[in-house]
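Chain and residue survey
Below, each chain spelled out in residue letters.
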Amino acid sequence: MSDLTAPTAATVIAATRHWLEQAVIGLNLCPFAKAVYVKDQVRIVVSEAKHLDGFLEDLDRELDFLAAADPEQVDTTLLIHPTLFPDFAVFNEVLEIADEAVEEHALEGILQVASFHPDFQFADTAVDDISNYTNRAPYPTLHLLREDSIARAVAAFPEPAAIFERNIATLEKIGLAGWLALGLSASRAGQEQ
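In what follows, the accompanying structure is described. (Residues numbered from 1 in each chain as written. Predicted model: local features only at pLDDT ≥ 70, side-chain atom pairs only at ≥ 80, totals over all residues. Heavy atoms only, no water.)

1. Considerations on the pairing of strand 4 (residues 141-146)
Spelled out, the test is: In this scheme, a residue with accessible area under 20% of its type's maximum is buried, one over 50% is exposed, and one in between is partly exposed, where area comes from a 1.4 Å probe on protein chains only. Secondary structure follows DSSP: runs of H or I at least 4 residues long count as helices, runs of E at least 2 residues long count as strands, and numbering of each begins at the N terminus. Only when DSSP finds a minimum of two bridges between them are two strands counted as paired.
Counting buried positions along strand 4 yields 6 of 6 residues, so the element is predominantly enclosed. Here strand 4 shows no split at all, with T141, H143 and L145 on one side and L142, L144 and R146 on the other all buried. Bridge count between strand 2 (residues 76-80) and strand 4: 5 bridges; the pairing is antiparallel. When the sheet's bridge partners are listed, I80 is paired in strand 4 with T141. Relative to strand 4, strand 3 (residues 111-116) runs antiparallel, the two sharing 6 bridges.

2. Considering the pattern of salt bridges
Formally: By definition, a salt bridge exists where a carboxyl oxygen of Asp or Glu is found within 4 Å of a side-chain nitrogen of Lys or Arg.
Here the structure, examined in full by the defined rule, presents 2 salt bridges. Of the charged contacts, one joins R43 and E62 as a salt bridge, the two residues approaching to 2.8 Å between their closest N and O atoms. Taken together, the residues R43 in strand 1 (residues 42-46) and E62 in helix 3 (residues 52-68) connect sequence positions 19 residues apart. Between D58 and R61 there is a salt bridge, with the nearest N and O atoms lying 2.2 Å from each other. In this pair, D58 and R61 both sit in helix 3, 3 residues apart, roughly one turn of the helix. For R61, a relative accessible area of 48% corresponds to the partly exposed category.

3. Some words on helix 3
For the record, the criterion: Here, expected helix span is obtained from the residue count minus one, scaled by 1.5 Å. Note on contacts: a residue pair qualifies if any of its non-hydrogen atoms lie within 4.5 Å across the two residues.
Between the first and last C-alpha of helix 3 there are 24 Å, a value that for 17 residues agrees with the 24 Å anticipated at 1.5 Å per step. Within helix 3, the full set of buried residues consists of G54, F55, L56, D58, L59, E62, L63 and L66. Elements in contact with the buried residues of helix 3: strand 1, strand 2, helix 4 (88-104), strand 3 and strand 4.

4. A short note on the sheet that holds strand 4
Rules: Note on geometry: axes are lines fitted to C-alpha atoms, helical ones only across the stretch in contact, with angles between N-to-C directions running from 0 to 180 degrees.
The mixed open sheet is built from 4 strands, whose spatial order is 1-2-4-3. What marks the edges here is a single partner per strand, and that holds for strand 1 and strand 3. Taking each pair of neighbouring strands and ignoring which way they run, the sheet shows an average axis angle of 20 degrees. Contacts from helix 1 (residues 9-25) reach strand 1, strand 2 and strand 3, with the element oriented near 140 degrees to strand 1. Across the face of the sheet, helix 3 comes into contact with strand 1, strand 2, strand 3 and strand 4 while running at roughly 20 degrees to strand 4.

Structure representation (structure tokens):
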């Protein structure tokens, strides 16, 4: 997707909110998401960087912003770039750089980064394996999370290790047809059709 066909920030945010409401919260893929989402504590930022260095500068700003923000106002941030990382393998390498940025900002133990991508694929799975959809978002997204919030949520959830298996079971039950029925894309290629 070239910059000429890049979606607007409003389009990216709307698609991300739809995914959060239908999949992440609607299918309960993250049992902790609803509480912060309904309190409007999820910051959604669309990067318009033209290259990786610019995106990493956006990441630096967002790490600093989240670390300084009152958790009651902003608990978590989704940093999205709709066009810069169409290849999942490349985006996965960016996650490693993002983890290094957390260290460089002296935020280890305070913030952590998770990733979502339209073509997310776990190691040792087929590209079309439904388990990959647990981490598929409309656009490449870095999720900046507060470790304190994660710890509180995990303490409140009886078996946090079972979340991943439960998510896969949920997706196996609804299948790709159920995912698509929620108005979600199958992959980046699905968005461009």
